[in-house]
Number of protein chains: 2
Amino acid sequence: MKNTKQRKVILEIINRSNEHLNAYDIYEEARKTLKNISLGTVYRNLNCLCNENLITIVNDGQEKKRYDKIEKHQHFICTRCNKIIDIYEPIIKPLKKYENNLVMNYKIILEGICEKCLKEEENGIKRK
Amino acid sequence: MKNTKQRKVILEIINRSNEHLNAYDIYEEARKTLKNISLGTVYRNLNCLCNENLITIVNDGQEKKRYDKIEKHQHFICTRCNKIIDIYEPIIKPLKKYENNLVMNYKIILEGICEKCLKEEENGIKRK
DNA sequence: TACTTAAATAGTAATCATTACTAATAAAAG
DNA sequence: CTTTTATTAGTAATGATTACTATTTAAGTA
């Protein structure tokens, strides 16, 4: 795997960000540094970086893919506003095996309603 | 929400299946009962049923969406062959709250290499 | 039971995220 | 410095999903 400047920029954007960016967000951010970088390059690198386990996909299933740094943390996703909140406290003890399958990674997604949406609901701003 | 025969058929397919079907699989299965059902109807109903919490999305992030019944279980996904294995044993105690966010559901995805792929690797069939 | 109306449908067209393709470029190795 | 081979920019193609529209139908009401 060649260490191109495009790949470095993409990886840096993800590692520096505290948000959960999608491919196009990353493309726009990368263009601030490399004005000619192409969207295809971003996608190709995101896939490479995922395969090499240098980044990970945040996976809420209702939206397009978002990418995140690899440090172990989990996510809470609000089903009202789609906000993603990082969880750093360990929730489960990592399993090494499930039956005879080798477990190498795990993702936990808590779904629910975030604090802000709960308050708005109380105040009748967003009554269903 | 009207109780149409299309919606009933779609929900039944998901509840009866032990596989993790995508929208097109469900469309093909539904056509065995309703020969004129349209793919758009399948998609629309899958979204309705998800919003009503009558079905759920199986979410491995690397592939198109797959749908599953709602009974509480979690998933192991093989990163080699994309096989999805259901896990019925509880892995975490359900949380009611995370900080001030209301937790209504959780999804756990264990990623790794399934028994079959491990064996094939040992036998050198699928050496990387 | 017939009438009304609002939601759902079939069929098709459009959208949009992602991937594939190609000639040109640039890491990395010798 | 030259060679090799992956990577790139730019664009076209793909394919999952959504939107649109005239028609149908579930379900409420007289």
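Each value, and the rule that gives it
Every residue gets a number counted from 1 within its own chain, in the order that chain's sequence is written. Lettering of chains starts at A and numbering of ligands starts at 1, both following the order in which they are written. With pLDDT at 70 or above as the cut-off, local features in this predicted model cover only qualifying residues; side-chain atom pairs require 80 or more to be listed or tallied, and sums for whole chains, interfaces and linings still use all residues. Only hydrogens and water are set aside; all other atoms, that is, all heavy atoms of the structure, feed into the side-chain values. Near residues are defined by distance, with any heavy atom within 4 Å of the molecule or strand qualifying the residue. Pairs of N or O atoms are called polar contacts if they sit within 3.5 Å, as long as, within protein, a hydrogen donor faces a hydrogen acceptor (for residues adjacent in sequence, only side-chain-to-side-chain pairs). Labels follow the DSSP assignment, with helices taken as runs of H or I lasting at least four residues and strands as runs of E lasting at least two, numbered in each case from the N terminus. Gly falls in the polar group here, along with every residue not listed as nonpolar (Ala, Val, Leu, Ile, Met, Phe, Trp, Tyr, Cys, Pro) or charged (Asp, Glu, Lys, Arg). Here an axis means a line fitted to C-alpha atoms, over the contact stretch when the element is a helix, while the angle between two N-to-C directions is reported on a 0 to 180 degree scale. By definition in this entry, angles of less than 35 degrees are roughly parallel, angles greater than 145 are roughly antiparallel, angles of 65 to 115 are roughly perpendicular, and the rest are oblique. Crossing handedness follows the turn of the near helix against the far one: under a right angle anticlockwise gives a left-handed crossing, and clockwise gives a right-handed one. Here, residues are in contact when the closest pair of their heavy atoms is within 4.5 Å. You can read pLDDT as the predictor saying how much it trusts each residue, on a scale of 0 to 100. Domain ranges listed in this record stem from an automatic or a database domain assignment. Salt-bridge detection follows one rule: a side-chain nitrogen of Lys or Arg within 4 Å of a carboxyl oxygen of Asp or Glu.

J.: Sorry, what's going on with the protein's contact with DNA strand C here?
T.: Around DNA strand C, a shell composed of 19 residues is seen, among which Y43 of chain A together with T4, Q6, T41 and R44 of chain B lie nearest. Take K2 of chain A: an N or O atom from its side chain is 3.2 Å from a base nitrogen of DNA strand C. Within the side chain of T41 of chain B, one N or O atom sits 2.4 Å away from a phosphate oxygen of DNA strand C. Of all the elements in the fold, those that place two or more residues in the surface near DNA strand C are α3 (39–51) of chain A together with α1 (5–16) and α3 (39–51) of chain B. Residue composition of the surface near DNA strand C, grouped by class: five nonpolar, eight polar and six charged.

J.: What is the right way to look at the packing of α1 of chain B against helix α2 (residues 23–31) of chain B in this model?
T.: Two measures define how a pair of helices packs: the angle their axes make with one another and the distance between the axes. All names here are of chain B. Axis separation between α1 and α2 bottoms out at 10 Å; the angle between their running directions is 115 degrees. The angle between α1 and α2 falls in the class roughly perpendicular. Considering how the two elements wind past one another, α1 and α2 form a crossing that is right-handed. The segment α1 lies against α2, with V9, I10, I13 and I14 engaging I26, E29 and A30. A per-class count over the contact of α1 with α2 returns six nonpolar, no polar and one charged.

J.: Can you help me understand the confidence of the model for chain A in this one?
T.: This prediction gives chain A a mean pLDDT of 84; 88% of its residues lie at or above 70. Predicted confidence in chain A is weakest over helix α4 (residues 115–122) of chain A, with a mean pLDDT of 78, and strongest over helix α1 (residues 5–16) of chain A, with 97.

J.: Teacher, can you tell me more about the domain arrangement of chain A here?
T.: All names here are of chain A. Examined at the domain level, chain A breaks down into domain 1 (5–68) and domain 2 (72–122). Each of domain 1 and domain 2 has a C-alpha centre, and these two points are 21 Å apart. Taken together, the contact pairs ten residues of domain 1 with eight residues of domain 2. In this structure, the connection of domain 1 to domain 2 is made through zero salt bridges. Residue assignment for the side of domain 1 that touches domain 2 shows that the elements contributing at least two residues are β2 (55–58) and β3 (66–69). Broken down by element, the side of domain 1 that touches domain 2 gets its largest block of residues, three residues, from β2. Class assignment of the residues belonging to the side of domain 1 that touches domain 2 gives a composition of two nonpolar, four polar and four charged.

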